[in-house]
Amino acid sequence: MAIREGITTLCYLERDDNYLMLHRISKKNDINKDKWIGVGGHLEDNESPEECIKREIYEETGFNIELESLEYRAVITFVSEKGDYEMMNLFTAKAPDSEPKECDEGKLEWVPKAEVYNLNLWEGDKIFLRRLAESRKFFSMKLVYDKEDKLIEAFLDGRDLMK
């Protein structure tokens, strides 16, 4: 299968008032090294975003989430002055009552939603996590980072959030 560079998925699995967060500590060459994120990954040949996130959730957690249980919440466009570009399809879903399997990409941990912001997150992730908490409405966000990975621009549905 060929990976579709630049098109990704991410899902925040929810249980009670917690997110299942992945502490990315296992891969050597990882743009997310030491960051906390949801689960997800790159689309493969002929996959829709929903098919991709279903597969990624299963591969990283062992959870088999039905396609109709996935909530498609946003499209996040990441741009970096390093030359990176990514369009991420963002989902949420209810997690089953069982515990996830061990993940080869890092450590999975249930984190209370209110405490997620205390983790080592990308600055832009804090913005879209707040939006997930505030509204069920689908949104589009653009996040621009400089060469030192500092957030320099953020747009929500075309509106500049940093003015």
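For the structure given in this document, a descriptive report is provided here. (Residues numbered from 1 in each chain as written. Predicted model: local features only at pLDDT ≥ 70, side-chain atom pairs only at ≥ 80, totals over all residues. Heavy atoms only, no water.)

Section: the side chain of Asp125
Rules: Helix and strand definitions here come from DSSP, where helices need a minimum of 4 consecutive H or I residues and strands a minimum of 2 consecutive E residues; each element is numbered from the N-terminal end. By definition in these notes, contact holds between two residues if any of their heavy atoms fall within 4.5 Å.
Take Asp125: it is sitting in helix α2 (residues 123–134). The residues contacting Asp125, other than those within four sequence positions of it, are Tyr12, Trp36, Ile37, Phe78 and Tyr145.

Some words on helix α1 (residues 49–61)
What counts here: Multiplying 1.5 Å by the residue count of a helix minus one yields the expected span of that helix.
For α1, which comprises 13 residues, the first-to-last C-alpha distance of 18 Å matches the rise-based estimate of 18 Å (1.5 Å per residue) to within 8%. Within two residues after α1, Gly62 carries a phi angle of roughly 85°, on the positive side.

A word on the packing of aromatic side chains
The criterion, for reference: Pairing of aromatic rings covers Phe, Tyr and Trp, the last counted by its six-membered ring, and requires centre-to-centre distances within 6.5 Å; plane angles under 30 degrees mean stacked, over 60 mean edge-to-face, and any other angle means tilted. Throughout this description, buried means an accessible area under 20% of the type-specific maximum (1.4 Å probe, protein chains only), exposed means over 50%, and partly exposed covers the range between.
What the rule picks out here adds up to five aromatic pairs. The interplanar angle of 55° and the centroid separation of 5.2 Å between the aromatic rings of Tyr12 and Tyr19 together place this pair among those described as tilted. For Tyr12, a relative accessible area of 0% gives the class buried. You can call Tyr19 buried: its relative accessible area is 5%. An angle of 20° between the planes, with centres 4.7 Å apart, marks the rings of Tyr72 and Phe91 as stacked. Separated by 19 residues along the polypeptide, Tyr72 in strand β5 (residues 71–80) and Phe91 in strand β6 (residues 85–94) bring together distant segments of the chain. Overall, the relative accessible area of 31% leaves Tyr72 in the partly exposed class. According to the relative accessible area criterion, Phe91 is buried, its value standing at 0%.

Looking at the state of the cysteines
Basically, it comes down to this: Here, a disulfide means two cysteine sulfur atoms that sit within 2.5 Å of each other.
What the rule picks out here adds up to zero disulfides. Of all cysteine sulfurs in the structure, the one in Cys11 sits closest to Cys52, which takes part in no disulfide; the separation is 11 Å. In this structure Cys103 is not part of a disulfide, and its nearest cysteine sulfur, from Cys11, lies 14 Å away. By relative accessible area, Cys103 is classed as buried at 11%.

Re unusual backbone geometry
Peptide bonds are, in most cases, trans, and in most cases residues other than glycine have a negative phi. Although it is not a glycine, Asp16 adopts a positive phi angle of roughly 55°. Secondary-structure assignment places Asp16 in the loop between β1 (3–15) and β2 (18–23). Looking at Asp16, the relative accessible area reads 71%, which means it is exposed. Despite not being glycine, Asn46 shows a phi value in the positive range, around 65°. Tracing the backbone through its elements, the reader meets Asn46 in the loop between β4 (39–44) and α1.

Any functional reading would require information that these geometric values do not contain.
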